[in-house]
Amino acid sequence: MKAIQILGDISSPRVATNYAMTKPTPQNAEILIRVHAAGITGDEVIWPEPYTRETRIPGHDISGVVSALGPDYNGPLKIGQEAFVLISTDRGEGQADYAICRADEVALKPKSISYEEAAALPIPLLTAWEALLDHGGIKAGMRVLITGASGAVGILAVQLAKKLFGVEVVALASSRNHEALQSVGADEVLDYNTIGWENQLDKVDLVFDTVGAGILEKAWTVVKENGAIVTVGDPAPAWAFGQGEAVEAASHPGVRYKHFIVSPNSERLGKAAEMVDQGVVRPLLVKEFPFEEAEQAWNYARQRARGHKVVISFA
Ligand SMILES: NC(=O)c1ccc[n+]([C@@H]2O[C@H](COP(=O)([O-])OP(=O)(O)OC[C@H]3O[C@@H](n4cnc5c(N)ncnc54)[C@H](OP(=O)(O)O)[C@@H]3O)[C@@H](O)[C@H]2O)c1
């Protein structure tokens with residue numbers, strides 16, 4: 001089968017195509033997906049995991065068709081059904097003709113969108129959902145700031161925050177993206193290029209930060225003293241992964257703060273598929289590249305502020 005590989009090491013990654021990889025066979029209760037499209041999270045090249053895998057195949061976001069089921073699989077999926085998947089961040093190997101998945105990673109694909117649009121959704125959507133609910137403790141009536149709100153994670157977070165959780169949403173993004181953010185439900189929009197933006201808004205109960213670094217630092221200024229900050233911006237802050245405390249915590253002792261890595265959740269993916277088909281959640285804009293242009297696709301996906309989620313077509 002054909003697959004994409006990340007060769008080299010984390011300081012000098014090189015994206016390559018390989019037409020002679022071994023097609024995997026599902027074991028136990030695994031599910032084999034014939035991949036039609038795979039989404040790229042550009043920062044995966046700075047995650048350590050791809051470099052630990054023998055195959056060097058990246059990729060966690062896929063859509064395709066159920067092609068085979070392991071001998072112990074007894075769930076509801078049937079061969080031939082269209083699916084979309086978040087393959088766990090510790091496994092990957094989604095950017096290939098065939099990918100091995102687990103039952104808690106797979107949901108039926110939204111019917112109203114293409115394979116490419118579906119492949120763009122799982123990581124951003126589940127990251128937003130997990131951040132807001134599981135780590136942020138979002139509740140109706142809260143006021144929530146979402147940074148990087150025009151990005152893939154951010155724009156889905158704006159939509160979930162508004163339409164699923166009914167909160168007041170402040171979206172931080174370049175002004176060229178403000179209209180789009182208002183059209184999906186942002187109540188207030190701010191431009192991070194405006195000096196002192198962090199002093200121009202009423203304090204919020206929750207910051208969901210998808211940018212990190214300087215923006216994450218400013219989150220401490222805008223969060224209420226009993227509020228929460230959840231971040232996924234890469235590179236992760238120095239205090240992530242149990243590496244100590246945030247320096248700002250000393251002067252904001254009531255603020256909860258958290259960095260996390262997204263987990264698969266087939267139930268939420270299934271609910272999200274329904275919301276997409278009902279027109280409640282708008283899919284991301286995607287830019288498609290054929291498999292042969294994988295290197296260009298990855299280069300493009302690594303640029304900030306592209307306005308599109310990058311997807312590779314395998315079909
Ligand atoms: N930990 C996890 O489990 C997890 C999961 C998913 C993603 N992530 C990480 O989360 C981050 C966001 O992912 P994504 O897919 O949403 O990225 P994305 O689509 O590239 O969006 C990033 C957004 O950040 C904004 N931005 C860029 N530079 C900025 C700056 N200097 N200050 C403020 N905003 C800036 C841009 O907004 P404008 O265009 O409006 O300027 C852009 O829309 C990435 O670092 C990704 O690796 C982590």
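Computed from a predicted model, the values in this text were never measured in an experiment.

Student: How should I be thinking about the site of the ligand in this particular structure?
Tutor: What surrounds the ligand is a group of 25 residues, the closest being Ser150, Ser174, Tyr192, Asp234 and Val262. Contact distances for the ligand include 3.4 Å between an oxygen atom and a backbone N or O atom of Val232. Interatomic distance of 2.7 Å between a backbone N/O atom of Val262 and an oxygen atom of the ligand. In the complex, 88% of the free accessible area of the ligand, which totals 930 Å², lies under the protein chains. Secondary-structure elements contributing two or more residues to the shell around the ligand are helix H2 (122-135) and helix H3 (152-163). Shared between two domains, the shell around the ligand holds at least three residues of each, these being domain 1 (3-121 + 284-313) and domain 2 (124-259).

Student: Honestly, empty space enclosed by the protein in this entry has me stumped. Any pointers?
Tutor: To find the voids left in a structure, one rolls a probe of water-molecule size over its atoms. If you walk through the whole model with that rule in mind, you get 1 cavity of 30 Å³ or more. Put simply, the largest cavity is a space of about 30 Å³. In this structure, the largest cavity is lined by Gly39, Ile40, Thr41, Glu44, Trp47, Gly59, His60, Asp61 and Ile123.

Student: For this particular structure, what's the right way to read the pattern of salt bridges?
Tutor: Under the definition given, this model contains 12 salt bridges. Across the pair Glu105 and Arg91 runs a salt bridge, and its minimum N-O distance is 2.6 Å. Placement of Glu105 in the loop between strand E6 (98-101) and strand E7 (106-108) and of Arg91 in the loop between strand E5 (82-86) and E6 is noted, with a sequence separation of 14 residues between them. A single burial state applies to Glu105 and to Arg91, both of which are buried. Here Lys271 and Glu267 are joined by a salt bridge, their closest N and O atoms 3.7 Å apart. Note that Lys271 and Glu267 are positioned in helix H6 (residues 266-277) at a spacing of 4 residues, about one turn of the helix. Among the charged side chains, a salt-bridge network with shared partners connects Lys2, Arg34 and Asp97.

Student: It is not clear to me how the side chain of Thr231 should be interpreted in this structure. Could you clarify?
Tutor: Along the chain, the position of Thr231 falls in strand E12 (residues 223-231). At 3.3 Å, the side chain of Thr231 and the backbone nitrogen of Gly233 are in polar contact. Setting aside its immediate chain neighbours within four residues, Thr231 contacts Asp209, Gly212, Leu216, Pro237, Trp239, Lys258, His259 and Phe260.

What counts as what
Residues numbered from 1 in each chain as written. Predicted model: local features only at pLDDT ≥ 70, side-chain atom pairs only at ≥ 80, totals over all residues. Heavy atoms only, no water. Near = heavy atom within 4 Å. Polar contact = N/O pair within 3.5 Å; in protein donor to acceptor, adjacent residues only side chain to side chain. Areas by Shrake-Rupley, 256 points an atom, 1.4 Å probe, with all protein chains shown as cover. Helix = DSSP H or I, 4+ residues; strand = E, 2+ residues; numbered from the N terminus. Domains from an automatic or database assignment. 1 Å grid on protein atoms, 1.4 Å probe; cavity = no way out; pocket = protein on both sides within 12 Å on 5 of 7 lines; lining within 4 Å. Points joined across faces, edges and corners; volume = space filled by probe spheres on them. Salt bridge = Lys/Arg side-chain N within 4 Å of Asp/Glu carboxyl O. Buried < 20%, exposed > 50% of the residue type's maximum accessible area, 1.4 Å probe, protein only. Contact = heavy atoms within 4.5 Å.

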